[in-house]
Amino acid sequence: MAHKDQVFQKCINPQCGSEFDSHQVFFKCPACGDLLDIKYNWDSIELPKKLSDFSNRWATRSNRLDFSGVWRFRELLNFCDDEHKVSVGEGQTLLQSACGLAADLGMNPDCLFLQYEGMNPSGSFKDNGMTAAFSHAKMVGAAASACASTGNTSASMALYAHSIGVKATVFIGEGKIAFGKLSQAMDYGGHTIQVAGDFDDCMRQVQDVCTELNIYLVNSLNPFRLEGQKTIMLRIIEGLGWEVPDWIIVPGGNLGNSSAFGKAFAELKELGLIDRVPRLAVINASGANTLTELVNDKGLRWNGGDVDQQIIDSYYANLDAANYRADTIASAIEISRPVNLKKCLRALDVCNGVVLDVPDEEILDAKAQIGACGLGCEPASAATIAGLKHLLADGTVDKDARVACVLTGHLLKDPDATVNYHSKAAREFSNPPVQVDNDLQKIIALIKS
Ligand code: F0G
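In short, a report on the structure.

### Here we look at the site of the ligand
(1) Moving on: Taken together, 21 residues form the shell around the ligand, and within it Thr 150, Asn 152, Gly 253, Asn 254 and Thr 408 come nearest.
(2) Moving on: In the environment of the ligand, an oxygen atom lies 3.0 Å from a nitrogen or oxygen atom belonging to the backbone of Gly 256.
(3) Moving on: For the ligand, an oxygen atom lies 2.8 Å from a polar atom in the backbone of Asn 257.
(4) Moving on: In isolation the ligand exposes 480 Å². Once the protein is present, 99% of that is buried.
(5) Moving on: Comparing atom positions with the cavity grids shows the ligand to sit within the largest cavity.
(6) Moving on: Looking at the shell around the ligand, the elements that each hand over two or more residues are α4 (152-164) and α9 (256-270).
(7) Moving on: Partitioned by chemical class, the residues of the shell around the ligand number 7 nonpolar, 12 polar and 2 charged.

### A closer look at the pattern of salt bridges
(1) Moving on: Following the criterion strictly, the structure yields 25 salt bridges and no others.
(2) Moving on: One salt bridge in this structure joins Glu 75 and Arg 57, with 2.7 Å as the shortest N-O distance. Note that Glu 75 is positioned in the loop between α1 (64-67) and β4 (95-97) and Arg 57 in the loop between β3 (36-40) and α1, a separation of 18 residues in sequence.
(3) Moving on: According to the relative accessible area criterion, Arg 57 is buried, its value standing at 16%.
(4) Moving on: Here Arg 325 and Asp 198 are joined by a salt bridge, their closest N and O atoms 2.9 Å apart. Remark: Asp 198 occurs in the loop between β8 (191-195) and α6 (199-213) and Arg 325 occurs in the loop between α11 (309-321) and α12 (341-350); sequence separation between them is 127 residues.
(5) Moving on: Counted as one network, the salt bridges with shared partners bring together Arg 57, Asp 66, Arg 74 and Glu 75.

### With respect to a nonpolar patch on the surface
(1) Moving on: On the surface, Val 434, Val 436, Ile 443, Leu 446 and Ile 447 cluster together to form a nonpolar patch covering roughly 430 Å² of accessible area.
(2) Moving on: Along the chain, Ile 443 turns up in helix α16 (residues 440-448).

### Looking at the nonpolar core
(1) Moving on: One finds Leu 51, Phe 134 and Phe 261 to be the most contacted residues of the largest nonpolar core, which totals 99 residues.
(2) Moving on: Here this core gets 6 residues from one element, more than from any other, and that element is helix α3 (residues 126-139).
(3) Moving on: Viewed by domain, this core spans two of them, domain 1 (1-45) and domain 2 (94-121 + 225-422), each represented by three or more residues.
(4) Moving on: Setting aside residues no more than four positions away along its own chain, Leu 51 makes contact with Leu 76, Leu 234, Ile 237, Trp 242, Leu 268, Leu 273 and Ile 274.

### Quick look at the sheet that holds strand β2 (residues 19-21)
(1) Moving on: Across the sheet, which stays open at both edges, the 3 strands sit in the order β2-β1-β3 with antiparallel pairing between neighbours. Looking at which strands have only one partner, the edges of the open sheet turn out to be β2 and β3. Averaged over all adjacent pairs, the angle separating strand axes in this sheet is 35°, with direction ignored.
(2) Moving on: Here strand β1 (residues 7-11) runs beside β3; their pairing, made up of 5 bridges, is antiparallel. Residue Cys 11 lies in a different strand from β3, and its bridge partner there is Leu 36.

Quick notes on the rules
- Residues numbered from 1 in each chain as written.
- Predicted model: local features only at pLDDT ≥ 70, side-chain atom pairs only at ≥ 80, totals over all residues.
- Heavy atoms only, no water.
- Near = heavy atom within 4 Å.
- Polar contact = N/O pair within 3.5 Å; in protein donor to acceptor, adjacent residues only side chain to side chain.
- Areas by Shrake-Rupley, 256 points an atom, 1.4 Å probe, with all protein chains shown as cover.
- 1 Å grid on protein atoms, 1.4 Å probe; cavity = no way out; pocket = protein on both sides within 12 Å on 5 of 7 lines; lining within 4 Å.
- Sits in = over half its atoms within 2 Å of the grid points.
- Helix = DSSP H or I, 4+ residues; strand = E, 2+ residues; numbered from the N terminus.
- Nonpolar A, V, L, I, M, F, W, Y, C, P; charged D, E, K, R; others polar.
- Salt bridge = Lys/Arg side-chain N within 4 Å of Asp/Glu carboxyl O.
- Buried < 20%, exposed > 50% of the residue type's maximum accessible area, 1.4 Å probe, protein only.
- Patch = residues over 30% accessible without salt bridge, like charges linked within 9 Å, V, L, I, M, F, W, Y side chains within 5 Å.
- Core = buried A, V, L, I, M, F, W, Y, C linked by side-chain atoms within 4.5 Å.
- Domains from an automatic or database assignment.
- Contact = heavy atoms within 4.5 Å.
- Pairing = 2+ DSSP bridges.
- Axes fitted to C-alpha atoms, helices over the stretch in contact; angles between N-to-C directions.

Pasting the structure below:
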């Protein structure tokens, strides 16, 4: 029987399919422990006739919700009243054409685009999700929030928690967080707890802590958060004059983004607002490649929701037995137990997606190439271009296909990675500082040389 409310929560496992009111706070299905989705009775929502109708909101940007790059698409994530919608001006991000980089990669120069999510208020794509999570937190009257983080979630959470006056507690792994990100959480007043372990340990602890202390969890297990991240895809389509690209490429960590993107495209197609779904490529770092191994080596699939849990359980048992720890320079995606795994499998199904992993050296080279285009990013984001090189080389992506890569985090999040790369003159794209005596003639000679 269809749920009576305009919006409700529903377990993604078709065998369970339990439904819950949107005012209830869970981060997993209380009936079976699987992930939850936000569902809408679309018939009761007044939707635009076509996506380009959203352009009208540019004319009314003095309305804070029309200004937000998330809430100006609010009909597609309308789970709360306008008075509860929180915004700090997120989503003012643009799809940038990357002709030079495209040419370097041997692509048609008009075909490569970079969706620069580093331009968000806290410097990463997380703000798209956090504006939605904190709107729900406000709607249910939450007093405190928490997350486990490799850095960006914590920065974004601390910013939004401050904006609605709730407490923010951050769980970070020891030595596992880039300083740009840690500095934000501390500066925005987040209570930072450094656990002697890695992100996966923090993720386990924070769930128990939130349950025990009734704290609002804002990791991407939170289905409301992923609703906000759907709008990254809407802005890409908007950036292409309301056309759908051929490929979306995104780094894969906890797999919230890829999950949200798949949901966005499934809904837009169902609503007749797009006529086709782009393909999706999710790129892991080789040192944190659970998704790649499960999909490419173990054959794990969404399978209509009947995911083979045994494959996952035995994979994780092997990780435990080997005392395996993810390890990559792309610390943002240094995750071996992605919580949104099943939703990501669904997204791969919806988008006829592919998965691959790329080694750290390739990530760093790609990062320098993106930087040389004038659009810096942190290492995790550069996994997109590193992955694209492989997809072009093996013919999966055609050189004339329109490709949009999501640059998830700003260059300044992890300056150490950038400085270390460029300081080593031996790297292919490194651009080290040149030393010179404090002497005018020598400086001039150097510049002329
Ligand atoms: N890129 C950046 C810059 C990130 O910070 C993250 C995740 C990802 C990619 C991966 O995205 O989880 O949706 O697959 N960072 C989380 C954090 C885990 O705690 O900041 P995902």
